[in-house]
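Each chain, written out:
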2 protein chains.
Amino acid sequence: MVGELREVQDSGSTARAVRTMEDILDVATAEFAANGYAGARVDEIAARTRTTKRMIYYYFTSKERLYLSVLERVYAQIRDVERGVRIEELSPCEALRKLAEATYDHHTTHQEFIQLVSIENIHRAEHLRQSPTILRENVTAITVLEGVIERGVREGVFRSDIDALDVHMIISAFACFHVANRHTFAAIFDRDLLNPALQDSHRRLIGDMVVATLTAQDGNPGSS
Amino acid sequence: MVGELREVQDSGSTARAVRTMEDILDVATAEFAANGYAGARVDEIAARTRTTKRMIYYYFTSKERLYLSVLERVYAQIRDVERGVRIEELSPCEALRKLAEATYDHHTTHQEFIQLVSIENIHRAEHLRQSPTILRENVTAITVLEGVIERGVREGVFRSDIDALDVHMIISAFACFHVANRHTFAAIFDRDLLNPALQDSHRRLIGDMVVATLTAQDGNPGSS
DNA sequence: AGAAGAACGAACTAACCAGTACGTTCTTCC
DNA sequence: GGAAGAACGTACTGGTTAGTTCGTTCTTCT
């Protein structure tokens, strides 16, 4: 499914080998997400697999390459989510709300993704930059958004001074925050942002925010 | 200024000692923010100070306690910012916008703070929880917000189903995102979120977002 | 069946790194 | 001026951890 896997598959690997690699990737994803790059222990990953450390180096050559494979896999997953939203038949407002909700749902159900993105940012995205696949495939998320916004502006319901990247940023910011800052927020304010009881209201809130921001006039009440 | 420092000061330390400790804290803040907790090297911190590793352990006893002191210091700084906003004479909308802008400005000018918060979240806030000072002092940020929102609701300009913590979350989410996800965003979309040219428009955007969301009716266009 | 190579395992190594032992030099106060 | 303790420096250690060595066992194909 992901590049790294296919390589070995092509050169005649067994189904068992593929399962081993996926096993390693699953465990590594959890370990890196939970402890950061430097904090993750290859021995610990090995121990939680049904394989040994030898196999990790056999298939992935180094801790860094293993980490990169993990990154590529989680980024591949979110692409699939974005592609899954059928936008065309919705009004601009509804479409925006749907996209926001889908992003919110993905992030809250894939905490490892957000944790890995945080980790990657701490390291100034130096690993991410090494993966042409991730860079190439993920820009396309924006084109969908561009279409929707353009339609909304043309219909006169959206303000025209906010572009697709801005909207993507607003949606991501809110959806990421729930997962990324969950623990400090809970520690200080004693509210678990991923509490299922809050989910519906927060899903609605992210939609409200995006739609309200886009439909607001430039000269908003309270602007300084 | 921070607890750890005063302790030693009280028991008769020289001005030089205080400078040494601050020197260590400055360097440690940068090192932890840049590399994470596990990734940070005590030797590296020592090398960039005008002191030696011995002194780090002399004043801070362990890597973990040093990290905690760093955390406490950066959290003390943001408290000062929040206290600095004079709210009373502004309208609810203006007050919200001011608070949002102040948070945005603080976060964009104190990247180490956001990085440390990210790191702390990766470790499930286990260090933060050990600091009663941080936990106690930071909840108060919410009471200010509560007053403003209550006023807005009473005046009939704000919707009543969004509470202070929600608003704090919206503001933080946007302001944090710029710094926290700067590098992956730049790598994928080639837009530096901290580019000075974007600052004014983003500062306005965060105000627009908060005000628009709070002033929107519940039955928003586009709600499903 | 048996050869070739893929898949696997246990035990090791070299480097690295948090923390320390042990000593010296300042500072303060009488 | 000298005693007491704070402030400092060098050189080390012990545990940890990424990566390896050298071997065995499966799988596949003819």
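Cut-offs and rules
- Here the residue numbers are simple positions, counted from 1 along each chain's written sequence.
- Labels are handed out in written order, letters beginning with A for the chains and numbers beginning with 1 for the ligands.
- Residues qualify for local features only when their pLDDT is at least 70, as the model is predicted, and side-chain atom pairs are given and counted only at 80 or more; totals for whole chains, interfaces and linings, by contrast, use all residues.
- Side-chain metrics in this entry use all non-hydrogen atoms of the structure; hydrogen atoms and water are not considered.
- Put simply, a nonpolar core is a bunch of buried Ala, Val, Leu, Ile, Met, Phe, Trp, Tyr and Cys residues held in one set by side-chain atoms that sit within 4.5 Å of each other.
- Each residue gets one of three labels from its accessible area relative to the maximum for its type: buried under 20%, exposed over 50%, partly exposed in between, using a 1.4 Å probe on protein chains only.
- What makes two residues a contact is simply this: any of their non-hydrogen atoms within 4.5 Å.
- UniProt positions are given in the numbering used here, feature names are shortened, and annotations may be inferred rather than shown by experiment.
- Secondary structure elements follow DSSP: runs of H or I no shorter than four residues count as helices, runs of E no shorter than two count as strands, and numbering proceeds from the N terminus.
- The least-squares superposition of copies is restricted to C-alpha atoms, and to residues with a pLDDT of at least 70 in both copies.
- To obtain each axis, a line is fitted to C-alpha atoms, and for helices this fit is confined to the stretch in contact; angles are then taken between N-to-C directions over 0 to 180 degrees.
- In what follows, roughly perpendicular refers to angles from 65 to 115 degrees, roughly parallel to angles under 35, roughly antiparallel to angles over 145, and oblique to any angle outside these ranges.
- When the near helix sits turned anticlockwise from the far one by under a right angle, the crossing is termed left-handed; a clockwise turn instead gives a right-handed crossing.
- Residue classes follow a fixed rule: Ala, Val, Leu, Ile, Met, Phe, Trp, Tyr, Cys and Pro count as nonpolar, while Asp, Glu, Lys and Arg count as charged, and any other residue, Gly among them, counts as polar.
- In this scheme Phe, Tyr and Trp rings, the latter by its six-membered ring, pair at centre separations within 6.5 Å, and the angle between planes marks the pair as stacked below 30 degrees, edge-to-face above 60, and tilted otherwise.
- Ring-over charges, as used throughout, are those where CZ of Arg or NZ of Lys falls within 6 Å of the ring centre and within 35 degrees of the ring normal.

(A) Region of interest: the nonpolar core. One finds A:F32 and B:F32 to be the most contacted residues of the largest nonpolar core, which totals 146 residues. Apart from the residues within four sequence positions on either side, B:F32 is in contact with B:Y37, B:A40, B:I45, B:K63, B:L66, B:Y67, B:V70, B:L116 and B:I119.

(B) Quick look at the UniProt feature "DNA-binding region" (unreviewed entry) in chain A. The UniProt feature table records "DNA-binding region" (unreviewed entry) at residues 41-60 of chain A. As annotated, residues 41-60 of chain A has a helix share of 75% and a strand share of 0%, and its two end C-alpha atoms lie 15 Å apart.

(C) Main features of the relation of the copies chain A and chain B. Note on the copies: chain A fits chain B at an RMSD of 0.0 Å, the axial shift is 0.0 Å, and the rotation between them is 180 degrees. Each copy turns onto its partner about a two-fold axis.

(D) Focus on the packing of helix α6 (residues 92-109) of chain A against helix α9 (residues 141-154) of chain A. Residues and elements named next belong to chain A. The interhelical angle for the contact between α6 and α9, taken along N-to-C directions, is 150 degrees, at an axis separation of 9 Å. Taken together, α6 and α9 sit at an angle that is classed as roughly antiparallel. You can see that α6 and α9 cross each other, and the crossing is left-handed. Contact residues: α6 offers P92, A95, L96 and L99, while α9 offers V144, L145, V148, R151 and G152. Among the residues forming the contact of α6 with α9, the class breakdown is seven nonpolar, one polar and one charged.

(E) Focus on the packing of aromatic side chains. A complete count under the given rule lists 14 aromatic pairs over all chains for this structure. A centroid spacing of 5.9 Å and a plane angle of 5 degrees characterise the contact between B:F32 and B:Y37, whose relative ring orientation is stacked. The exposure class assigned to B:Y37 is buried, which follows from its relative accessible area of 17%. For the ring pair B:Y75 and B:F113, a centre distance of 5.2 Å and an interplane angle of 80 degrees mean the geometry is edge-to-face. Of this pair, B:Y75 sits in helix α5 (residues 63-84) while B:F113 is found in helix α7 (residues 111-122), placing the two residues 38 residues apart along the sequence. What makes B:Y75 buried here is its relative accessible area of 4%. Looking at B:F113, the relative accessible area reads 6%, which means it is buried. Through successive ring pairs, a cluster of aromatic residues spans A:F32, A:Y37 and A:Y67. Cation over ring: B:K63 sits above B:Y37, and NZ or CZ is 4.9 Å from the ring centre.

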